[in-house]
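Fold and contact review
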Amino acid sequence: MIDLHHLDIAALRDAYTSGQTNPVAVTAYYLARIDAHNPALNAYVDIDRDGALSAAEESAARIANGTARALEGVPVAVKTNIAVKGLEWNAGMEMRRGVVADKDAAAVKRLRDAGAIILGTLNMHEAALGATTDNPWFGATINPHREGHTPGGSSGGSGAAVAAGLCVAALGTDTLGSVRLPSAYNGVYGIKPTHGAIDDEGLVPLSNWLDSIGPIARSLDDLDALNAVLCDGVDQGVTLDRLVLLDSFGDVECEPAVEQVYAKSKALLAAMPTGTLALPDNAAAVRFAGFVVAARELIGHLGNARLFAAEKLSQELRFMLDYAEGRSAEDVERAEGILARTRDAVLDAIGTDGVLLMPTTPQAAFPHSNRPPVTQSAFTAFANIAGLPAISVPAGVDEKDLPVAVQLVGPAHSEAALIALARTLDAGLNGFTPSPYL
């Protein structure tokens with residue numbers, strides 16, 4: 001008996017073609033795994049059993065008659081701020097509890113049209129404004145690598161579900177790092193595409209100019225397959241010929257294991273000509289500016305509901321929104337200036353053929369009971385601010401056996417080239433470490 005949750009997209013396709021298994025059996029298997037393990041992990045918030053099994057039957061028929069599509073019979077799950085028809089579409093917010101999507105988001109429709117089977121929707125940090133997925137309304141999601149630890153966020157349910165083998169892959173969203181952070185903490189692969197490359201119709205927004213939908217998976221092959229279905233405008237002609245490094249980490253202190261895998265990654269890419277990125281503002285100022293602008297956008301999206309249903313927002317979220325709203329016009333102008341300078345510096349350094357190598361996060365996952373480090377998005381925010389694609393690659397574990405990761409940021413529409421270069425890193429780092437659930 002093959003362990004079905006170990007099969008990637010290509011292996012599933014082969015198993016279907018050879019008759020070793022079929023989409024109905026695989027879907028039932030994943031639903032059983034969710035039943036067995038989700039109570040401990042709290043990755044899923046809604047499950048579409050009937051819809052998934054019905055889609056599996058359609059996939060089985062297509063495979064039988066030779067009309068299989070690119071993702072035929074592949075079980076995936078979706079962050080709950082992305083609309084899935086018939087499922088709760090709550091964006092991690094109590095004020096949206098009971099809101100059921102009446103149609104699929106554009107990205108979900110792409111997945112279904114390619115034959116993917118949607119298992120359900122996944123937990124996230126409240127309103128996507130945070131990085132722990134310790135949700136006060138829908139519960140804390142647990143990192144499959146360590147009981148009681150954060151899976152990161154805001155796409156924490158997506159990272160945890162993939163790492164625990166509760167789906168083959170998942171969709172998340174990334175505003176200042178929210179696909180790459182949980183990918184790093186859960187030891188899996190995640191890509192934030194060029195801004196706008198994946199249609200965000202059907203997304204409950206945090207920040208229209210920073211948000212991107214992106215996939216999380218257990219292999220680069222699977223990311224590549226998902227990217228081919230989801231992402232528009234990929235430039236297959238991009239070559240990444242120059243390595244770009246931050247001239248300094250500034251005020252960001254990295255854990256020793258992160259420093260070590262970053263150094264190893266630099267060595268693996270040492271044959272590339274190397275330049276540096278000098279940021280005009282320190283990382284703390286950039287993080288703060290990103291928070292202010294994103295939080296103020298969220299205030300606009302919430303509208304009057306924030307005032308008339310304040311009890312349905314957590315105290316933490318209310319505090320952050322009130323703080324952002326209270327910034328003076330000069331503060332906001334200063335924040336916008338910092339982001340503009342950062343964007344220009346990143347774009348200038350990367351140009352059309354450069355790739356920026358950084359740690360994904362300065363630290364590994366930490367207990368939910370700990371105060372979250374303020375530096376979680378220190379390195380991930382730059383790609384969002386510049387609108388560029390970025391990929392997180394697992395790089396092994398620290399002394400506590402918790403995953404650490406590095407990331408690559410490339411020119412606009414260089415997703416294919418980023419995945420190709422990530423393969424070089426992946427081969428050298430050999431950093432994918434299965435969670436105990438695998």
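Residues numbered from 1 in each chain as written. Predicted model: local features only at pLDDT ≥ 70, side-chain atom pairs only at ≥ 80, totals over all residues. Heavy atoms only, no water.

**With respect to the overall build of the protein chain**
- When helices and strands are counted, the protein chain shows 14 helices and 13 strands.
- Computed over C-alpha atoms, the radius of gyration of the protein chain comes to 20 Å, within 12% of the 22 Å expected from 2.2 N^0.38 for 438 residues, which places it in the range of a compact globule.
- Viewed in the frame of its principal axes, the protein chain has a C-alpha envelope of about 60 × 60 × 40 Å.
- Within the protein chain, the proportion of its 438 residues that are buried is 59%.
- Of all intrachain contacts in the protein chain linking residues separated by at least 6 positions in sequence, the fraction that spans at least 24 positions is 76%.
- In the form shown here, the protein chain has an accessible surface area of approximately 15,900 Å², with 51% of it arising from carbon and sulfur atoms. (Helix = DSSP H or I, 4+ residues; strand = E, 2+ residues; numbered from the N terminus. Rg over C-alpha atoms; globule rule 2.2 N^0.38 Å. Buried < 20%, exposed > 50% of the residue type's maximum accessible area, 1.4 Å probe, protein only. Contact = heavy atoms within 4.5 Å. Areas by Shrake-Rupley, 256 points an atom, 1.4 Å probe, with all protein chains shown as cover.)

**Comments concerning the pairing of strand S13 (residues 403-409)**
- Among the seven residues in S13, seven count as buried, and that is most of the element.
- Alternating positions in S13 separate into two faces, Pro 403, Ala 405, Gln 407 and Val 409 on one and Val 404, Val 406 and Leu 408 on the other, with burial throughout.
- Relative to S13, strand S11 (residues 354-359) runs antiparallel, the two sharing four bridges. Its bridge partner lying in S13, Pro 359 is registered against Val 406.
- Here six bridges tie strand S12 (residues 390-397) to S13, and the two strands are oriented antiparallel to one another. Note that in S13 the partner of Pro 394 across the bridge is Ala 405. (Pairing = 2+ DSSP bridges.)

**Things to note about empty space enclosed by the protein**
- Following the criterion strictly, the structure yields one cavity of 30 Å³ or more and no others.
- Put simply, the largest cavity is a space of about 30 Å³.
- Put simply, the parts of the chain that give the lining of the largest cavity at least two residues each are strand S2 (75-79), strand S6 (169-174) and helix H7 (220-230).
- Counting residues per element, the lining of the largest cavity draws most heavily on S6, which supplies three residues.
- Taken together, the residues of the lining of the largest cavity break down into nine nonpolar, no polar and no charged. (1 Å grid on protein atoms, 1.4 Å probe; cavity = no way out; pocket = protein on both sides within 12 Å on 5 of 7 lines; lining within 4 Å. Points joined across faces, edges and corners; volume = space filled by probe spheres on them. Nonpolar A, V, L, I, M, F, W, Y, C, P; charged D, E, K, R; others polar.)

**Here's the deal with the layout of surface pockets**
- There is about 1,100 Å³ of room inside the largest pocket.
- Contributing to the lining of the largest pocket are 40 residues, with Gly 130, Phe 291, Glu 316, Met 320 and Val 374 lying nearest its centre.
- Elements supplying a minimum of two residues to the lining of the largest pocket: helix H9 (283-302) and helix H11 (315-325).
- Size it by volume and the second largest pocket reaches roughly 160 Å³.
- Glu 255, Ala 364, Ala 365, Phe 366 and Lys 400 are the residues nearest the centre of the second largest pocket, which is lined by 13 residues in total.
- Residues of the lining of the second largest pocket, tallied by class, amount to six nonpolar, three polar and four charged.

**Some thoughts on the packing of helix H8 (residues 256-268) against helix H14 (residues 415-429)**
- Viewed as axis vectors pointing N to C, H8 and H14 meet at an angle of 120°, and their least axial separation amounts to 10 Å. As judged from the angle between their axes, H8 and H14 are oblique. For H8 against H14, the interelement crossing comes out right-handed. Note on element contacts: H14 touches H8 through Leu 425, Gly 428 and Leu 429, opposite Val 261, Lys 264, Ser 265 and Leu 268.
- Tallied by class, residues from the contact of H8 with H14 come to four nonpolar, two polar and one charged. (Axes fitted to C-alpha atoms, helices over the stretch in contact; angles between N-to-C directions. Parallel < 35°, antiparallel > 145°, perpendicular 65-115°, else oblique. Left-handed = near helix turned anticlockwise from the far one by under 90°.)

**Some points on the nonpolar core**
- Tyr 44 and Leu 408 are the most contacted members of the largest nonpolar core, which totals 144 residues.
- Non-local contacts of Leu 408, meaning those with residues more than four positions away in its chain, are made with Leu 269, Val 355, Leu 356, Leu 357, Pro 389, Ala 390, Ile 391, Leu 418, Leu 421, Ala 422 and Leu 425.
- Counting five residues, the second largest nonpolar core, distinct from the first, contains Leu 181, Tyr 185, Ala 365 and Phe 366. (Core = buried A, V, L, I, M, F, W, Y, C linked by side-chain atoms within 4.5 Å.)

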